[in-house]
Amino acid sequence: MLVPGSYAQDNIHLGYASTIHRAQGATVETTHAVVDTSVDRAGLYVAMTRGKQENRAYAVCEPVVDFVAEDAHMHSAGDRDAPTASEVLATILRRDTHQASATAALREEMDHATDPARLEALYRHGVDLAADAFTSATLAEYTDALPRLYSRQLEADPDQYAAIAQAWTDAAKAGRDPREHWTQATANLETADSPGAVIAHRLRHVTAAGQDRSALPTPPPATATGDAELAAWLTATHDELTTSPDEDTAQAPSVDVDDFTASYLDHRAAEEESGPDTHSTTGSPWGPTTDSSPDLW
C-alpha cells in the first residue's frame, strides 16, 4: 500500500488487462475474465485456469441492436433481448473452433456419408427423380391412346392431365405400376364431366389400398429409357434401409468403410499411440517393421 507522506510503495503489484491468447501460459493469483459470445470453449478454458486462488468470469449480457432499422415503423425490428449469463456461457461452450486432425476429419466425413438419416434423404430425393422420369416416359403414351373425346378434354384442361400425372407418379412411388391399372381406371367414362379427375381418383384409390403411409417409398418401375444406375442404387438402398440390423448381421457382416480406409485409420491410431515418427515393430502394410522416416501420408 502507499506510505503517507512518501512515494514509497509496499506490497503493490500493478495488473493490466490482457487478451486470452496473450495470457496462455501465465499463472496469477486471481483471474477476472470478461467473456462474451465471441469466445470459444478453448478460450474459456484458458481464462478459467490462469488463477491459482480464484478464477471469475464476467459474462457480457448486452442486447443485439438492429442498426439498419432506420424507418420509424421498423424501429427495433431486428433487436434481440439481452442473453442471460447462463446463455452466454452455454453459447461459448458450444463454440468449438479448433482445427480437427486429418484422422478426425476423415472419421467425421465417413460418419456423415454413412449416416442413415442422410442416406434416407438421398433415397427419397432419388425416388422423386425416378418417379417423375417414369411419368414423363410412360404417361403420354397411355393418354394419347384414349378415345379422342377424352384426350381432347385433357388437352383443353391441363389441370386434368396434371391430376392424372400426380396420381401416376404417386402410384409408382407406392410400389404400384399404374400401367397395370390403366384399363380399370379408364373404364365407363361416358358420363364423366371430368374424365381426367375420374381417372386420377381411381388410380389414387388403387394406390391407397393397403398402403402404409409411414413406410419408405418404393423404387418406381424401371423403363427402357430410364436411368439404370439410379434404379439399381434405389433398389439396393431400399433393401439397406428396410433391413433391420439383426437381419443384416444374420445375412452377412458388413462394414461402414472399405478395407483400405479401415486399415488406414488403424494405422493412424497406432501412430498416435507410439508417436508420429515411429511405426510398430509388428508387420504393418503401411511400412517396414521399424521405420523412423517421415509419415508416408
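## Things to note about the pairing of strand β2 (residues 51–59)
One ladder, built from seven bridges, connects strand β1 (residues 28–35) with β2; its direction is parallel. Bridged to V34 within β2 is Y58. In this region the chain leaves β1, passes through helix α2 (residues 41–47) and returns to the parallel neighbour β2; the handedness of that crossover is right-handed.

## Structural notes on unusual backbone geometry
Here the phi dihedral of N188 falls at roughly 55°; this positive angle occurs in a residue that is not glycine. Following the sequence through the fold, N188 ends up in the loop between α8 (182–185) and α9 (195–208). Given a relative accessible area of 62%, N188 falls into the exposed group.

## Re the confidence of the model for the protein
Residues with a pLDDT of 70 or more make up 74% of the protein, whose mean pLDDT is 80. Note that pLDDT drops below 50 for residues 1–9; the model gives that stretch nine contacts with residues more than four away or on any other chain. Here residues 276–297 is modelled with pLDDT under 50, and outside its nearest four sequence neighbours on either side it reaches 31 contacts, counting other chains as well.

## Considerations on the packing of aromatic side chains
Considering all chains together, one arrives at four aromatic pairs under this definition. Consider the rings of F134 and W168, whose centres lie 6.4 Å apart with planes at 20°: the pair is stacked. Pair noted here: F134 is in helix α5 (residues 116–144) and W168 is in helix α7 (residues 158–173), with a separation of 34 residues, a long-range link. Both residues of the pair, F134 and W168, belong to the buried class. A residue is classified by how much of its surface remains accessible, and W168, at 0% relative accessible area, is buried. One aromatic cluster is present, formed by F134, Y142, W168 and W182 through successive ring pairs.

## A look at the nonpolar core
The biggest cluster of nonpolar side chains holds 16 residues, and the ones touching the most others in it are L139, L146, I164, W168, W182, I199 and L203. Among the secondary structure elements, those contributing two or more residues to this core are α5, α6 (148–156), α7, α8 and α9. If we skip the residues at most four places from it in the chain, W182 touches L139, Y142, T143, L146, I164, W168 and I199. Of all hydrophobic cores here, the second largest spans seven residues; its members include V35, V39, A47 and V88.

## Here's the deal with the pattern of salt bridges
Applying the stated criterion to the full structure yields six salt bridges. Taking the shortest distance from any N to any O, the salt bridge between D128 and K173 comes out at 3.1 Å. Here D128, found in helix α5, pairs with K173, found in helix α7; they are 45 residues apart in sequence, far enough to count as distant. Using a relative accessible area of 33% as the deciding quantity, one classes D128 as partly exposed. Exposure remark for K173: the relative accessible area of 23% places this residue in the partly exposed category. The closest approach of N and O atoms between E155 and R148, which form a salt bridge, is 3.3 Å. Exposure remark for R148: the relative accessible area of 47% places this residue in the partly exposed category.

## Remarks on the packing of α5 against α7
Closest axis-to-axis distance for the α5/α7 pair is 9 Å, and the angle between their directions is 125°. With respect to their mutual orientation, α5 and α7 come out oblique. Where α5 crosses over α7, the two elements pack in a sense that is right-handed. Between α5, through V127, D128, A131, D132, F134, T135, T138, L139, A140, Y142 and T143, and α7, the contact on the second element is made entirely by Y161, I164, A165, W168, T169, A172 and K173. Per-class residue counts for the contact of α5 with α7 are 11 nonpolar, four polar and three charged.

## A word on a negative patch on the surface
Together, E108, E109, D111 and D115 make up a region of like negative charge exposed at the surface. Mapping D115 onto the fold places it in the loop between α4 (102–113) and α5.

Rules behind the numbers
- Residues numbered from 1 in each chain as written.
- Predicted model: local features only at pLDDT ≥ 70, side-chain atom pairs only at ≥ 80, totals over all residues.
- Heavy atoms only, no water.
- Pairing = 2+ DSSP bridges.
- Helix = DSSP H or I, 4+ residues; strand = E, 2+ residues; numbered from the N terminus.
- Right-handed = clockwise from strand over helix to strand, strands pointing away.
- Buried < 20%, exposed > 50% of the residue type's maximum accessible area, 1.4 Å probe, protein only.
- pLDDT = per-residue confidence, 0-100.
- Contact = heavy atoms within 4.5 Å.
- Phe/Tyr/Trp six-rings, centres within 6.5 Å; stacked < 30°, edge-to-face > 60°.
- Core = buried A, V, L, I, M, F, W, Y, C linked by side-chain atoms within 4.5 Å.
- Salt bridge = Lys/Arg side-chain N within 4 Å of Asp/Glu carboxyl O.
- Axes fitted to C-alpha atoms, helices over the stretch in contact; angles between N-to-C directions.
- Parallel < 35°, antiparallel > 145°, perpendicular 65-115°, else oblique.
- Left-handed = near helix turned anticlockwise from the far one by under 90°.
- Nonpolar A, V, L, I, M, F, W, Y, C, P; charged D, E, K, R; others polar.
- Patch = residues over 30% accessible without salt bridge, like charges linked within 9 Å, V, L, I, M, F, W, Y side chains within 5 Å.
- Areas by Shrake-Rupley, 256 points an atom, 1.4 Å probe, with all protein chains shown as cover.
- Lys, Arg positive; Asp, Glu negative; His and termini not counted.
- Charge placed at Lys NZ, Arg CZ, Asp CG, Glu CD.

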